[in-house]
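# Overview (structure and organization)
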Amino acid sequence: MAADTPPKVLFEHEGVFIHSNTEYSDEQDLLVSGFLRVIDKDGETMVEYKPLEDTVDLSNMLCAGKDSSSVMEWTQCPREERSSLQQAMVEQQQSYETEWDMINAVSYPKRKPCANGEGSLNHHQEKSKWAFSFSVWDLRSVSVKDEGWTRLVFRLKETTTSLPALHFHQGGSEGFLDCLRRYASLTQAPDDNTCLLVSTPNRALSQSFENLLDDNNYGLVTKLKKDPYLTTMGGFSKVTNYILDAFRSPELEQQRRPPEEVADLDIVGLGEVIPGLEINQQEEPGFEVITRIDLGARPEVTRLGPLSAESWAKHQDQEGRMKNVPHLKKIIFKGGLCHAVRKEAWKFLLGYYPWESTYEERKSLQRSKTDEYFRMKLQWKSVSDDQERRNSRLRDYKSLIEKDVNRTDRTNRFYEGLDNPGLVLLHDILMTYCMYDFDLGYVQGMSDLLSPVLYVMENEVDAFWCFVAYMDQMHQNFEEQMQGMKTQLIQLSTLLRLLDLSFWNYLESQDSGFLYFCFRWLLIRFKRELHYPDVLRLWEVIWTGLPCQNFHLLVCCSILDSEKRKIMEENYGFNEILKHINDLSMKLDIEEVLHKSEAICMQIRSCKDLPHSISEVLGFDSGRELSRVHERDNEEYREEFQTPRPTHKQEVFSNGHNGPYREPPSHNGCKVSFIS
């Protein structure tokens, strides 16, 4: 039987006390100290309190070391070392010693052992009875009282259950309530200003709300204006009318909004509420009136298996230069890379390593880049507390990075658990990037782009420079004026009008013609729409630059092409479209998507009267000429690669992921004519 998925820790605070000298116990003057956590357990948000001793599980602790190349090694903590680890003081991480040491040690917070000698067992049993947990869905209200410190009292919907009050002698109550607001609405009771009434949305439709409603003082529109990136990625497309109703205060939950208010929400688009994202057809370049064009039948394409380590080695000469690079890129585009090759190949695909470089030249480059990296890292590491207090931009960057790192890919083995070394590396690389590009600094969403790169590289310096190269491509997505996002949405809308004018007209009639619901797809390149191994496959295919410019836009078109029938037949409106697109997350088959995307590209290339705007978006100089070139290339693929894609072979991922190869879809969707 497969092991249960470990719960995801959303909030944790140590030093929360229960006063046992209350009506709940006959004991006098006993303070029970413990941990308060908010966790995501199998999709359900839970609040959990455990006395301090109950939280220790030293057998599951991971120790981290480093080898000479600064690659993190994960080892189980030896049994004979556990007692010393348990008694050790929390050490400050030393990041800088001789030879730019990356991470010398990763220490785990110590847990206070029982101090009652022979009576410690009884003491442990006494404290264990104070442990409790409950689902946020079962919470009716939270009373917040000031007694020189904050005291919280929980009341559940099941009135027969009573819970002890929690006392925050060392602070932390505001952080807990802020976390709670992400998963429930907390509104002040009309007759008691110390009582917060709790209401929760429908369970099945609230899984992507983690970051949406983290401040009870802001409505949806205000939240989008204040922080479009976080709001959009946190689940904007889940916000339908009935979900918004669920987040209203409990006493108003049964009341429906007036029709005029519903209409206002229905027609609001991201362009109206995110400053700088408004799109004006008269002012923006790239618009061209596209009439109905017969694109002809969609051609057949063939996908291949991933490039093996043996094949990769054959493309290097004796000095390490890559040979026949255009052909190599075609192979990568057709099937991606096996995981063993990615660590080296991604450096070439992203431009960190020049394709024509030798082994010695790459070693020299790595040495200089290592020195450059740690000089930049030292800049922010050496900032004193006084300096930081006078540098608001650095404080803001640091705060955002710490917040995002703690919730980036925590279900991935490379980043899961408390005090994970992978999180330290994420944090340090993002902080160093602020020194590299201080004008841009850090914008929410960048951690999503770094995470897979670090996962593949397993090395701080290499991951940083590959991330720099990736950000060179994605920079405009995160700029304040949002010109990159605006341009891509315009281009995507233009492509969709060519491919299926009737579908585009339908979306336009639902105030969705500019495809704002694809915002997250474009912003972080489908990072939150695909399973982790599929993200790696998609990115390396896109990085080849084949078979056209802006291939990621055709990936969007491929997905929308697969969903258009349901959207139109069900007569989805603005909110339903948003919800449907968001629900596709983790349900997409990457091979089917890539298969159709390539077929769409070939279909467009073969068009004799291709509009100029389409040629510019996809980088076609001459439709006919490039079509012939592509047909010749495709014939070369068929002649050279006769082996079909493996159907059930497991690709082993060194960082804990196993992913099956998938066959291309059995239905021949590429033969169907495109009817506009």
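The structure displayed is predicted, hence computed values, not measured ones.

Our focus in this paragraph is the pattern of salt bridges. The full count for this structure, using the stated rule, is 31 salt bridges. For the salt bridge of Glu540 with Arg342, the shortest nitrogen-to-oxygen distance reads 2.8 Å. Of this pair, Glu540 sits in helix α21 (residues 532-543) while Arg342 sits in helix α11 (residues 339-349), placing them 198 residues apart in sequence. For the pair Glu540 and Arg342, one class covers both residues: buried. Measuring nitrogen to oxygen at the nearest pair gives 3.8 Å for the salt bridge that ties Glu372 to Lys369.

Here we come to the packing of aromatic side chains. Taken as a whole and assessed by the stated rule, the structure comprises 27 aromatic pairs. Ring centres of Tyr436 and Trp465 lie 5.9 Å apart, and the angle between their planes is 90°; this geometry places the pair in the edge-to-face category. Here the residue Tyr436 occupies a position in helix α15 (residues 421-436), and Trp465 occupies one in helix α17 (residues 460-474), the gap between them amounting to 29 residues. Pairing Tyr470 with Trp543 gives two aromatic rings, centres 5.1 Å apart and planes at 80°, and the pair type is edge-to-face. With a gap of 73 residues between them, Tyr470 in helix α17 and Trp543 in helix α21 connect regions that are remote in the sequence. Taking relative accessible area as the criterion, Tyr470 reaches 2% and is therefore assigned buried. Through successive ring pairs, a cluster of aromatic residues spans Tyr373, Phe374, Tyr433, Tyr436, Phe464, Trp465 and Phe467. Above the ring of Phe333, the side-chain terminus of Arg303 is found at 5.6 Å from the ring centroid. In this arrangement the basic side chain of Arg497 is found over the ring face of Trp504, its NZ or CZ atom lying 5.0 Å from the centre.

Let us look at the packing of helix α14 (residues 392-405) against α15. At a closest axis distance of 10 Å, the pairing of α14 and α15 adopts a crossing angle of 150°. As summarised for this structure, α14 and α15 are arranged roughly antiparallel, according to the angle between their axes. When the axes of α14 and α15 are compared, the crossing they make is right-handed. Two secondary-structure elements touch here, α14 through Leu394, Tyr397, Lys398, Ile401, Glu402 and Val405 and α15 through Leu423, Leu426, His427, Leu430, Met431, Cys434 and Met435.

Take the confidence of the model for the protein next. Summing up the model confidence of the protein, the mean pLDDT is 75 and the portion of residues at 70 or higher is 64%. Low pLDDT, under 50, characterises residues 622-627; the predicted model gives this stretch 8 contacts beyond four residues in sequence or across chains. Note that pLDDT drops below 50 for residues 656-676; the model gives that stretch 67 contacts with residues more than four away or on any other chain.

The end-to-end C-alpha distance of helix α18 (residues 483-499) is 24 Å, a good match for the 24 Å that 17 residues give at a rise of 1.5 Å each. Counting buried positions along α18 gives 15 out of 17 residues, so the element sits mostly inside the fold.

Thresholds, definitions, all that
Residues numbered from 1 in each chain as written. Predicted model: local features only at pLDDT ≥ 70, side-chain atom pairs only at ≥ 80, totals over all residues. Heavy atoms only, no water. Salt bridge = Lys/Arg side-chain N within 4 Å of Asp/Glu carboxyl O. Helix = DSSP H or I, 4+ residues; strand = E, 2+ residues; numbered from the N terminus. Buried < 20%, exposed > 50% of the residue type's maximum accessible area, 1.4 Å probe, protein only. Phe/Tyr/Trp six-rings, centres within 6.5 Å; stacked < 30°, edge-to-face > 60°. Lys NZ or Arg CZ within 6 Å of the ring centre and 35° of its normal. Axes fitted to C-alpha atoms, helices over the stretch in contact; angles between N-to-C directions. Parallel < 35°, antiparallel > 145°, perpendicular 65-115°, else oblique. Left-handed = near helix turned anticlockwise from the far one by under 90°. Contact = heavy atoms within 4.5 Å. pLDDT = per-residue confidence, 0-100. Expected span 1.5 Å × (residues − 1).

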